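Geometric and topological summary
One letter stands for each residue in the lines below.
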Amino acid sequence: MVDIRELNERIQRESSFIDILFMELGKTIIGQKQMLERLMIGLLSGGHILLEGVPGLAKTLAINTLAQAVDVKFNRIQFTPDLLPADLVGTMIYNQQTHNFTVKKGPIFSNFILADEINRAPAKVQSALLEAMQEKQVTIGEHTYKLEEPFLVLATQNPIEQEGTYPLPEAQVDRFMLKVVITYPQIAEEKEILRLNLAKNFPAVPKVMTPADIVHARRLVNEVYMDEKIENYILEIIFATRFPEDYKLDKLKDLISFGASPRATINLAKAAKAFAFIRRRGYVIPEDVRAVCHDVLRHRIGVTYEAEAENITSVDIINEILNTVEVP
């Protein structure tokens, strides 16, 4: 049996770095609390994140700032239509002196990868990330190379431009733990952003975590207690996206083309644990699941043409499911 009280006290004690990290990130990123929380969930649970929002909402700045606060190897890759898979993972180069091929590793060999405007590169380049994201390894020629832990892909995409963009394949979108949609800041926050950017000295972010700290924090997150009732609640939410008629959601049957995958079940549980950890708790409650549900499922539920004709999105479907499935 798990001693919940002892576990909760230990999590409260050892999660104190969360407040320090949020404080340092908040010096550069004004507002956008949800985005910072989602970045933290990805960091703590080893899940990749797709950030979507119009230009100028500090998506790239947030990821850069997080990389500065954590003492890790960081690479930014600007995705463009002429990018090749070898530009990401590396390639074999022929050495004329030794008459042998040597491996030149690409920028993917880092801890944090910022895939900036990922939908500007064609599918073959986007797919070059698949093995790295899922298996944490890269194959070049006949050799396979393990990537260093922690490894995290943080991708951004701009939803307003269609010309010169390539929608992400379903197989790749499913590998992102969270898809976070970012909105405009409040007027008071934007005033602070204005003053910060007009100031003489833009605040520098100190290193507050090491790779070893992240690995240790991930072990702690795994220890967060999840009751069987919470597990069943997660499963019912996922199965309601596949078989809505079994959950008195007959009206959704013709609106969903495909439901969430088993990867969604795993990621929803991991994200709920990480969210509880951020809240300095050693156990998961239903509100943790509901808090992260939209970001875990919004890109994993396919909507039919009928739903599109009625302007019904995956978010509307998730809302309907959360309002119907019984909360433990």
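Let me sum up the structure you'll find in this document.

**Some words on the overall build of the protein**
- Within the protein one finds 15 helices and eleven strands.
- Its C-alpha radius of gyration of 21 Å places the protein within 12% of the 20 Å reference for a compact globule of 328 residues.
- For the protein, the proportion of its 328 residues judged to be buried stands at 49%.
- A separation threshold of at least 6 residues defines the contact pool for the protein, and within that pool the share at least 24 residues apart is 77%.
- With the model as given, the accessible surface of the protein reaches about 16,400 Å², and the carbon-plus-sulfur share is 52%.
- With 37 positive and 44 negative side-chain charges, the protein shows a separation of 5 Å between the mean positions of the two kinds.

**Looking at the nonpolar core**
- Counting residues in each nonpolar core, the largest one holds 75 residues, and the members touching the most others are Leu39, Leu44 and Leu297.
- Top contributing element to this core by residue count: helix H12 (residues 262-278), with ten residues.
- Those residues in contact with Leu297 that lie beyond four places of it in its chain are Ile237, Ile238, Ala260, Ala264 and Ile318.
- Residues Leu50, Val89, Ala128 and Phe151 belong to the second largest nonpolar core, which totals 26 residues.

**Focus on helix H15 (residues 314-324)**
- Among all positions of H15, only Ser314, Ile317, Ile318, Ile321 and Leu322 are buried. Viewed end-on, H15 has its buried residues packed into an arc of 135 degrees, placing them on one side of the element.
- Packed against the buried residues of H15 are helix H11 (228-242), strand S10 (256-258), helix H13 (286-297) and strand S11 (302-303).

**So, the environment of Arg218**
- Within the secondary structure, Arg218 is located in helix H10 (residues 211-223).
- For Arg218, a relative accessible area of 11% gives the class buried.
- For the pair Arg218 and Ala274, spaced 56 residues apart in sequence, the C-alpha separation works out to 8.5 Å.
- Those residues in contact with Arg218, other than ones at most four positions away along the chain, are Gly42, Leu43, Leu44, Ser45, Gly46, Glu149, Pro150, Phe151 and Leu152.

**Details of empty space enclosed by the protein**
- Applying the stated rule across the entire model yields one cavity of 30 Å³ or more.
- As a volume, the largest cavity reaches approximately 30 Å³.
- Of all the secondary-structure elements, those providing two or more residues to the lining of the largest cavity are H10 and H12.
- Its residues placed into classes, the lining of the largest cavity shows one nonpolar, two polar and two charged.

**What to know about the packing of aromatic side chains**
- Here the structure, examined in full by the defined rule, presents four aromatic pairs.
- With centroids separated by 6.2 Å and ring planes inclined at 80 degrees, the aromatic side chains of Phe109 and Tyr145 adopt a geometry described as edge-to-face. Taken together, the residues Phe109 in the loop between strand S4 (100-105) and strand S5 (112-116) and Tyr145 in strand S7 (residues 143-146) connect sequence positions 36 residues apart.
- Take Phe109: its relative accessible area is 16%, and that puts it in the buried class.
- Both rings, one in Phe239 and one in Phe243, keep their centres 6.2 Å apart while their planes meet at 35 degrees; by these two values the pair is tilted.
- Directly above the aromatic system of Phe239 lies the positively charged group of Arg242, at a separation of 4.7 Å from the ring centroid.

**Here's the deal with unusual backbone geometry**
- Each neighbour pair has its own omega, and for Glu149 with Pro150 the value is -5 degrees, a cis peptide bond.
- Looking at the element boundaries, Pro150 is found in the loop between S7 and strand S8 (152-157).

**Considerations on the side chain of Ser15**
- Along the polypeptide, Ser15 turns up in the loop between helix H1 (4-14) and helix H2 (17-28).
- Judged by relative accessible area, Ser15 falls into the buried class, the value being 0%.
- A distance of 2.6 Å separates a polar side-chain atom of Ser15 from the backbone oxygen of Ile11.
- A polar contact of 2.6 Å, which involves the side chain of Ser15, links it to the side chain of Arg280.
- Excluding its chain neighbours within four sequence positions, the residues that come into contact with Ser15 are Phe277 and Arg280.

**Comments concerning the packing of H1 against H10**
- Following both chains from N to C, one finds H1 and H10 inclined at 155 degrees, their axes separated by 11 Å at the closest point. One element, H1, and the other, H10, form an angle in the roughly antiparallel class. Read as a crossing pair, H1 and H10 show a hand that is left-handed. Contact residues: Leu7, Arg10, Ile11 and Glu14 in H1; His216, Leu220 and Glu223 in H10.
- For the contact of H1 with H10, the per-class residue count stands at three nonpolar, one polar and three charged.

**Some remarks on the layout of surface pockets**
- Taken as a whole, the largest pocket encloses approximately 750 Å³ of empty space.
- Along the walls of the largest pocket sit 30 residues, with Glu52, Gln157, Pro167, Glu170 and Lys179 positioned nearest its centre.
- Among the secondary structure elements, those contributing two or more residues to the lining of the largest pocket are strand S1 (48-52), helix H8 (170-173), strand S9 (176-181), S10, S11 and H15.
- Of the residues contributing to the lining of the largest pocket, the split by class is twelve nonpolar, eleven polar and seven charged.

Thresholds, definitions, all that
- Residues numbered from 1 in each chain as written.
- Predicted model: local features only at pLDDT ≥ 70, side-chain atom pairs only at ≥ 80, totals over all residues.
- Heavy atoms only, no water.
- Helix = DSSP H or I, 4+ residues; strand = E, 2+ residues; numbered from the N terminus.
- Rg over C-alpha atoms; globule rule 2.2 N^0.38 Å.
- Buried < 20%, exposed > 50% of the residue type's maximum accessible area, 1.4 Å probe, protein only.
- Contact = heavy atoms within 4.5 Å.
- Areas by Shrake-Rupley, 256 points an atom, 1.4 Å probe, with all protein chains shown as cover.
- Lys, Arg positive; Asp, Glu negative; His and termini not counted.
- Charge placed at Lys NZ, Arg CZ, Asp CG, Glu CD.
- Core = buried A, V, L, I, M, F, W, Y, C linked by side-chain atoms within 4.5 Å.
- Arc of directions from axis to C-beta.
- 1 Å grid on protein atoms, 1.4 Å probe; cavity = no way out; pocket = protein on both sides within 12 Å on 5 of 7 lines; lining within 4 Å.
- Points joined across faces, edges and corners; volume = space filled by probe spheres on them.
- Nonpolar A, V, L, I, M, F, W, Y, C, P; charged D, E, K, R; others polar.
- Phe/Tyr/Trp six-rings, centres within 6.5 Å; stacked < 30°, edge-to-face > 60°.
- Lys NZ or Arg CZ within 6 Å of the ring centre and 35° of its normal.
- Polar contact = N/O pair within 3.5 Å; in protein donor to acceptor, adjacent residues only side chain to side chain.
- Axes fitted to C-alpha atoms, helices over the stretch in contact; angles between N-to-C directions.
- Parallel < 35°, antiparallel > 145°, perpendicular 65-115°, else oblique.
- Left-handed = near helix turned anticlockwise from the far one by under 90°.

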